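Letter by letter, the chains look like this.
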Amino acid sequence: MRILFLDQSGKPGGAELSLMDLAQAYRDRCLVALFEDGPFRDRLEQVQIPVTCLAAQGMKVSKDSSWWQSLGSIGGLLSLLKQCLRLSRDYDLLYANTSKALVLGALTSKLSGRPLVYHLRDILSREHFSRSNLRIAVTLANSCASAIIANSQATRDAFIQAGGNAELCHVVYNGFDPAQYKTNAEEVQWLRKELGIPAGQFVIGHFSRLSPWKGQHVLIDAVAQMVPELRSRITVLLVGSALFGEDDYVEQLQQRVEQLGLGERVQFLGFRSDISQLMTACELVVHSSTSPEPFGRVIVEAMLCGTPVVAAQAGGAVELIEPEATGWLAPPGDAVGLSQLLERLLGEPELLEQVALQARGVSRDRFHLHQTQQQVEQLLERCLPL
Ligand code: UDP
């Protein structure tokens, strides 16, 4: 089976990193077509996954902008469609990895007769999408996709709630290669040293692009509210950058850190590729999205690294963690609640260790890449004409 993967982004967000894991299995018989150039292309090339860029310049990405407009703004929907149609001749199946790719994939599928699979990695709700974009996504998915892969039950539920066809939609969790999350203890020690973290500090990592709904401000506010003796033991690492141009938020975060007197406590590390080492260097990973997370790759990654994790209790995150057994859940956007939980956990190092150990074992089984690849392969096979 030859697959043409379509993805709108040249930047390595969660959807793209997950696609990279999936596409490895089809390296010799697939092509990833990106709608913009960027570092994601380099990442694919590094692992020998064939990639092409359909347009060099970026597209406007906003939950409110119309997809038709933003696709048109990069040289015209027609030009993209023509390229997709030409490429589709050499492939048996189209695989839309993002919502905007669904638009192109659906049109290409109708015109080429190639089956379309849509990997749904968004919570299709008004919180994340405009009314018209929601309607476009659901209508195209229902009418053009042979199968829809939802990355969590929460994602599938939102799709059905928005009018999506339940029979087409199957939940397949993101998969991970546990070997990628094994680190060398010396390397991690060296990293802590390089970051200037004094011995005995309790390091809390937050790994997400910097964006208001990813809730870095909730963690900062929570740390600010801790009792001073505990607060002074904390170092926060904010790992990630404003991938989609939310630079105002970064500025606000930096100002907030200064105003709250946390300049010594918080480090902004920007986008990093050494996620496993950084996660292992942390005593705790906090995920504090204020809106429901479709899946939450960073939660499983922390588990695989053996670092305990606290996540916001919404969306896919709830499916990943069993509270008090494989991690903790905190109400989204509740800095006071998070602060109290952090104070409690700081006093329970044995519990942290025990939960992290349990989470590591469970996540290796539940989210193994081989399993995900197999489930996806079975669905794709069913979409091909007999
Ligand atoms: N990530 C990364 N470098 C960074 C910050 C994040 O490689 O500096 C990765 C992170 O390890 C995870 C992905 O980006 O694999 C984010 O996926 P997630 O599902 O958590 O969020 P999304 O970006 O899809 O909203």
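Below is a short write-up of the structure. None of these values were measured; they are calculated from a predicted model.

Right, let's get into the pairing of strand β9 (residues 234-239). For β9, a buried count of six out of six residues is recorded, marking the element as mostly surrounded by other parts of the structure. The alternating pattern of β9 places I234, V236 and L238 and T235, L237 and V239 on opposite faces, both of which are buried. Sheet analysis places strand β8 (residues 202-207) next to β9, joined by six bridges and oriented parallel. In the sheet register, G205 faces β9, and the bridge partner there is L237.

With that settled, the discussion passes to empty space enclosed by the protein. Considering all chains together, one arrives at one cavity of 30 Å³ or more under this definition. Considered as a void within the structure, the largest cavity measures approximately 50 Å³ in volume. If you go around the largest cavity, the residues you meet are V218, V286, H287, S288, V310, A311, A312, A330, P331, G333, D334 and L338. Secondary structure elements with two or more residues in the lining of the largest cavity: β11 (284-287) and β12 (309-312). The element contributing the most residues to the lining of the largest cavity is β12, with three residues. Residues of the lining of the largest cavity, tallied by class, amount to eight nonpolar, three polar and one charged.

Attention now goes to the sheet that holds β11. Reading across from one edge, β10-β9-β8-β11-β12-β13 is the order of the six strands in this open sheet, with parallel pairing throughout. Every other strand in the sheet has two partners, leaving β10 (266-270) and β13 (328-330) as the edge strands with one partner each. Sheet twist, expressed as the mean angle between neighbouring strand axes with direction ignored, is 25 degrees. Strands β8, β9, β11, β12 and β13 of the sheet are contacted by helix α15 (residues 335-346), whose axis makes an angle of about 155 degrees with β13.

With that settled, the discussion passes to the packing of helix α4 (residues 77-88) against helix α5 (residues 99-112). α5 packs onto α4 with a crossing angle of 55 degrees between their chain directions and a minimal axis gap of 9 Å. As judged from the angle between their axes, α4 and α5 are oblique. You can see that α4 and α5 cross each other, and the crossing is right-handed. Residues L77, L80, L81, C84, L85 and S88 of α4 form the contact with α5, whose own contacting residues are L104, L107, T108, L111 and S112. In terms of residue class, the contact of α4 with α5 is made up of eight nonpolar, three polar and no charged.

What counts, and where the lines are drawn
Residues numbered from 1 in each chain as written. Predicted model: local features only at pLDDT ≥ 70, side-chain atom pairs only at ≥ 80, totals over all residues. Heavy atoms only, no water. Buried < 20%, exposed > 50% of the residue type's maximum accessible area, 1.4 Å probe, protein only. Helix = DSSP H or I, 4+ residues; strand = E, 2+ residues; numbered from the N terminus. Pairing = 2+ DSSP bridges. 1 Å grid on protein atoms, 1.4 Å probe; cavity = no way out; pocket = protein on both sides within 12 Å on 5 of 7 lines; lining within 4 Å. Points joined across faces, edges and corners; volume = space filled by probe spheres on them. Nonpolar A, V, L, I, M, F, W, Y, C, P; charged D, E, K, R; others polar. Axes fitted to C-alpha atoms, helices over the stretch in contact; angles between N-to-C directions. Contact = heavy atoms within 4.5 Å. Parallel < 35°, antiparallel > 145°, perpendicular 65-115°, else oblique. Left-handed = near helix turned anticlockwise from the far one by under 90°.

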